[in-house]
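# Summary of structural features
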Amino acid sequence: MSDDNPHSSNGSSNKGWLDKISQIFKDEPQSKDDVVDVLTVAAENDLIDQNTKNMIDGVLEIADLRIRDIMIPRAQMITLDMNDSPEQFLPAMIESGHSRFPVVSEDKDHIEGILLAKDLLNLLVDREQEIDLKSMLRPIVVVPESKRVDTLLKEFRQNRYHMAVVVDEYGGVSGLVTIEDILELIVGEIEDEFDSEDNQTDNIRKVSKHVYMVQALTQLDDFNDFFDTDFNEEEAGTIGGIVLHQFGHMPEKGEEVEIQGLNFKVHTADTRRIQQLTVSLPKLEAQESEL
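So, a few notes on the structure that sits alongside this text.

The rules behind the values
- Residues numbered from 1 in each chain as written.
- Predicted model: local features only at pLDDT ≥ 70, side-chain atom pairs only at ≥ 80, totals over all residues.
- Heavy atoms only, no water.
- Axes fitted to C-alpha atoms, helices over the stretch in contact; angles between N-to-C directions.
- Helix = DSSP H or I, 4+ residues; strand = E, 2+ residues; numbered from the N terminus.
- Parallel < 35°, antiparallel > 145°, perpendicular 65-115°, else oblique.
- Left-handed = near helix turned anticlockwise from the far one by under 90°.
- Contact = heavy atoms within 4.5 Å.
- Nonpolar A, V, L, I, M, F, W, Y, C, P; charged D, E, K, R; others polar.
- Pairing = 2+ DSSP bridges.
- Buried < 20%, exposed > 50% of the residue type's maximum accessible area, 1.4 Å probe, protein only.
- Arc of directions from axis to C-beta.

### So, the packing of helix H7 (residues 149-159) against helix H8 (residues 179-187)
For any two helices packed against each other, one specifies the inter-axial angle together with the distance between the axes. At a closest axis distance of 10 Å, the pairing of H7 and H8 adopts a crossing angle of 120 degrees. Regarding the angle of H7 to H8, the classification is oblique. Between H7 and H8 the crossing geometry is left-handed. Between H7, through Val149, Leu152, Leu153 and Phe156, and H8, the contact on the second element is made entirely by Ile179, Ile182, Leu183, Leu185 and Ile186. Of the residues in the contact of H7 with H8, the class split is nine nonpolar, no polar and no charged.

Here it is in structure tokens:
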């Protein structure tokens, strides 16, 4: 009899967990909050790890986003001029470290195609061969700002392309988006062996009219200068430190806090530190900044 007790106790524990899941799914989930509740309970019971939960949360999150929310704004696009020689555009390609570049003929509203850096390699080795940039261009994919992010991700996968040019309601180019931009919403920041925190200049990136993506390790004086805030640099050296202090605990992805009128939402984090923050300006201030 005593030998059965441990199994009986274990069974009760497992049954309790299954009862919770069964209760939640007794009827079909009525909202994403119901699904999040299941994920939270599963993580608390170590049935899935926190990274898995964060990725599923990311998948749920992109269903509410439009391309305008995540695109690289027009002003930050790195483009090549159709009329430039290789000597003129190669330094910009090398410095950026990107593998795909929109090529323009007049300005950013006139994108002729996409240049893949690898297409230049053979021609650069054989310098006697003349480089005809126009003949090397791949077709551009154009999407509206209002397109759903999850829909575009599906199209990226099905059609096997990696970059799209984003246009506004008047047909003007407003930015571009890559498959990596979408995947980072799910799995967090994607870095390669050439990335280094010391060389990152894109610590603060505008993603919509009043929303910014901010690296948690952004120096506090840089954050104060950019957002015209006055966070105390004696309290923390980075904006992530300020947010962590305000929470009073290690926050999970999706947790939010308001400080000095700004809304801070944890975009990515692990068990030790906050990695990325979504910073939202008050609507009134965002409108004034556009005037």
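### What to know about the sheet that holds strand E7 (residues 173-178)
In sheet architecture, strand pairing relies on hydrogen bonds along the backbone and comes in two forms, parallel and antiparallel. If you walk across this open sheet you meet the four strands as E1-E7-E6-E5, and the pairing is mixed. For this open sheet the edge positions go to strand E1 (72-73) and strand E5 (142-144), each flanked by a neighbour on one side alone. Judged from the five bridges that link them, strand E6 (residues 163-167) and E7 form a sheet pairing that is antiparallel. Across the sheet, valine 165 pairs through a bridge with leucine 176, a residue of E7. Across the sheet, H7 lies against E5, E6 and E7, angled at about 60 degrees from E7, the strand it touches most.

### As for the sheet that holds strand E3 (residues 100-104)
If you trace the three strands from one edge of the open sheet to the other, you get E2-E3-E4, paired in mixed fashion. Bordering the open sheet on either side are strand E2 (80-81) and strand E4 (111-116), each of which pairs with just one other strand. Bridge count between E2 and E3: two bridges; the pairing is parallel. Bridged to leucine 80 within E3 is valine 103.

### Considering unusual backbone geometry
A positive phi is found at arginine 160, a non-glycine position, where the angle reads about 60 degrees. Mapping arginine 160 onto the fold places it in the loop between H7 and E6. Here aspartate 228, not a glycine, exhibits a phi torsion of approximately 55 degrees, which is positive. Residue position: aspartate 228 is located in the loop between helix H9 (220-227) and helix H10 (239-247).

### Some thoughts on H10
By the burial criterion, the buried members of H10 are Ile239, Gly240, Ile242, Val243 and Phe247. Here the buried residues of H10 occupy an arc of 160 degrees about the axis, which is enough to place them on one side. The inward-facing, buried residues of H10 contact strand E9 (211-215), H9, strand E10 (256-259), strand E11 (262-269) and strand E12 (274-280). Remark: glycine 248 follows H10 within two positions and exhibits a positive phi of approximately 80 degrees.

### Describing H9
Since the α-helix turns once every 3.6 residues, residues separated by three or four places project in the same direction. Considered for burial, the residues of H9 that qualify are Leu220, Phe223, Asn224 and Phe227. Buried residues along H9 cover an arc of 100 degrees about the axis, so they all sit on one side. Where H9 terminates, the next one or two residues include aspartate 228, which has phi positive at roughly 55 degrees.

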